[in-house]
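# Observations on chain architecture
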Amino acid sequence: MGERPSHPELLDWLASDFVEHGWRLKRLHKLIMTSTAYRQSSRQSGSTKSIPRSSRREEAHFSSKQSNQSLLTSAATNSEAGVPGDQRDPENRLYWRKPVQRLDAEVIRDSILATSGALNKAMFGPPVPVRPDVQGQIVVGIDKTEGDNKMPIDVALKGEEFRRSIYIQVRRSRPLAMLHAFDAPVMEVNCERRQPSTVPTQSLMLMNSQFILDQAARFATRLKAEAGEDRARQVARAWQLAFSRAPTEQESADALDFLSRQVDELRTASEKPEVEKKDETSKKQEKPKPVAKPTPEMQALTDLCQALLSANEFLYVD
């Protein structure tokens, strides 16, 4: 059963060191977590080596002895001869970089709510119910229908719909679409571990989900309230909220250029006259109440916010 470990010498040394220092788990955890191998980044530079989280001036290895640094020297061996590490060791068994790790489904939803400013941090209480929407997807809401066709209707939850994902009702027959797309544990079978995946439905969820569209609009509203009308300040604040860092000069320039072009495109589209249908059946039907459209500036900012909430930097841990 199983397979041989990739670094047996390191495991032997760690076990011996653990016994020699009084079986102290706290010391062992500190030793591992302050090592260079543990503190690597999943990013790769233009070369074949991974970029460490901190500068390499700190030589915090598992051991000060050269014979016990197999885990750390594997990175150099793995990238020798100019061959990228992802080709020589695609499964990262030699730990030459940190494995790419995506946020869990619940964390993604909570992070989106926190970034948009809508997260309800209330503790305890009954679970938040779920229901199918018009398209048949399971969303947060009270299950209530009306009419002969049993169309679902929206019932105000007064902010309860924005509570953390841990308070969302879990039903085997109704998995929340947002969480299900990002590999939340299924209830039909025993789930001993999460199996993250990368599938097209995740991108489609981030592009078309009403939840994402609503939160992107809230995010844009928050930026306008906190940064005013200055686009440069809006971009800087957006990066700070979404990525917890300031944008680079190139990122800032690209974002400002996108906002400018998007505003022009939206203005041009809004100036085009709408072609009214002359169908007799459409005349007899009552016209739906017009929905207030956002200004081109606000819509462009919302589009930028949606792109940030869908970015890999937002979804993955470095």
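Before any of the text, the structure's been laid out above.
As the structure is a computational prediction, the values presented were derived from the model and not from experiment.

## Quick notes on unusual backbone geometry
Of note in this structure, F124 is not a glycine but carries a positive phi near 65°. Here F124 lies in the loop between α5 (105-116) and β4 (130-132).

## Considerations on the nonpolar core
Counting 46 residues, the largest nonpolar core has I112, M178, F182 and F219 as its most contacted members. With 7 residues, helix α12 (residues 296-309) is the single largest residue contributor to this core. In contact with F182, other than residues within four places in its own chain, are R102, A105, I108, Q202, M205 and L206. Core analysis: the second largest hydrophobic core is formed by 6 residues, L10, W13, F18 and L28 among them.

## Some points on the layout of surface pockets
Taken as a whole, the largest pocket spans an internal volume of roughly 900 Å³. As for the largest pocket, its lining consists of 32 residues, of which V139, V140, Q210, F211 and D214 are closest to the centre. Among the elements of the structure, β5 (138-140), α6 (177-181), α7 (200-208) and α8 (210-227) are those that each provide at least two residues to the lining of the largest pocket. Here the element with the most residues in the lining of the largest pocket is α8; it accounts for 5 residues. For the lining of the largest pocket, the per-class residue count stands at 17 nonpolar, 8 polar and 7 charged.

## Description of the packing of aromatic side chains
Counted according to the given criterion, the structure contains 2 aromatic pairs. Judged by centre distance (5.4 Å) and plane angle (65°), the ring pair of F18 and W23 falls under edge-to-face. Judged by relative accessible area, F18 falls into the buried class, the value being 17%. When the ring of W239 is compared with that of F243, the centres are 5.9 Å apart and the planes differ by 85°; the resulting orientation is edge-to-face. With W239 and F243 both in helix α9 (residues 231-243) and 4 residues apart, the pair spans about one turn of that helix. By the burial criterion, W239 is buried, and F243 matches it. Lying over the aromatic face of W96, R97 brings its terminal NZ or CZ to 5.0 Å of the ring centre. When the ring centre of Y167 is taken as reference, the NZ or CZ atom of R163 above it lies at 4.0 Å.

## Here's the deal with the side chain of R109
Inspection of the secondary structure puts R109 in helix α5. One polar contact links the side chain of R109 to the main-chain carbonyl oxygen of R163, over a distance of 2.9 Å. If near-sequence neighbours (up to four positions away) are discounted, R109 is found in contact with V140, E161, F162, R163, R164, S165, I168, L176, M178, L179 and F211.

## Considerations on the environment of R231
Structurally, R231 can be placed in helix α9. Residues within four places of R231 in sequence aside, it is in contact with L256, L259, S260, V263 and E297.

## A few points about the pattern of salt bridges
Within this structure, the stated rule accounts for 14 salt bridges. Note that D143 is salt-bridged to R174, the shortest N-O span being 2.9 Å. On the criterion of sequence distance, the pair formed by D143 in the loop between β5 and β6 (145-146) and R174 in the loop between β7 (151-152) and α6 is long-range, its members being 31 residues apart. We classify R174 as buried; its relative accessible area is 18%. A cluster of three or more residues bridged by salt bridges with shared partners is formed by R222, E226 and R237.

Rules used in this analysis
- Residues numbered from 1 in each chain as written.
- Predicted model: local features only at pLDDT ≥ 70, side-chain atom pairs only at ≥ 80, totals over all residues.
- Heavy atoms only, no water.
- Helix = DSSP H or I, 4+ residues; strand = E, 2+ residues; numbered from the N terminus.
- Core = buried A, V, L, I, M, F, W, Y, C linked by side-chain atoms within 4.5 Å.
- Buried < 20%, exposed > 50% of the residue type's maximum accessible area, 1.4 Å probe, protein only.
- Contact = heavy atoms within 4.5 Å.
- 1 Å grid on protein atoms, 1.4 Å probe; cavity = no way out; pocket = protein on both sides within 12 Å on 5 of 7 lines; lining within 4 Å.
- Points joined across faces, edges and corners; volume = space filled by probe spheres on them.
- Nonpolar A, V, L, I, M, F, W, Y, C, P; charged D, E, K, R; others polar.
- Phe/Tyr/Trp six-rings, centres within 6.5 Å; stacked < 30°, edge-to-face > 60°.
- Lys NZ or Arg CZ within 6 Å of the ring centre and 35° of its normal.
- Polar contact = N/O pair within 3.5 Å; in protein donor to acceptor, adjacent residues only side chain to side chain.
- Salt bridge = Lys/Arg side-chain N within 4 Å of Asp/Glu carboxyl O.

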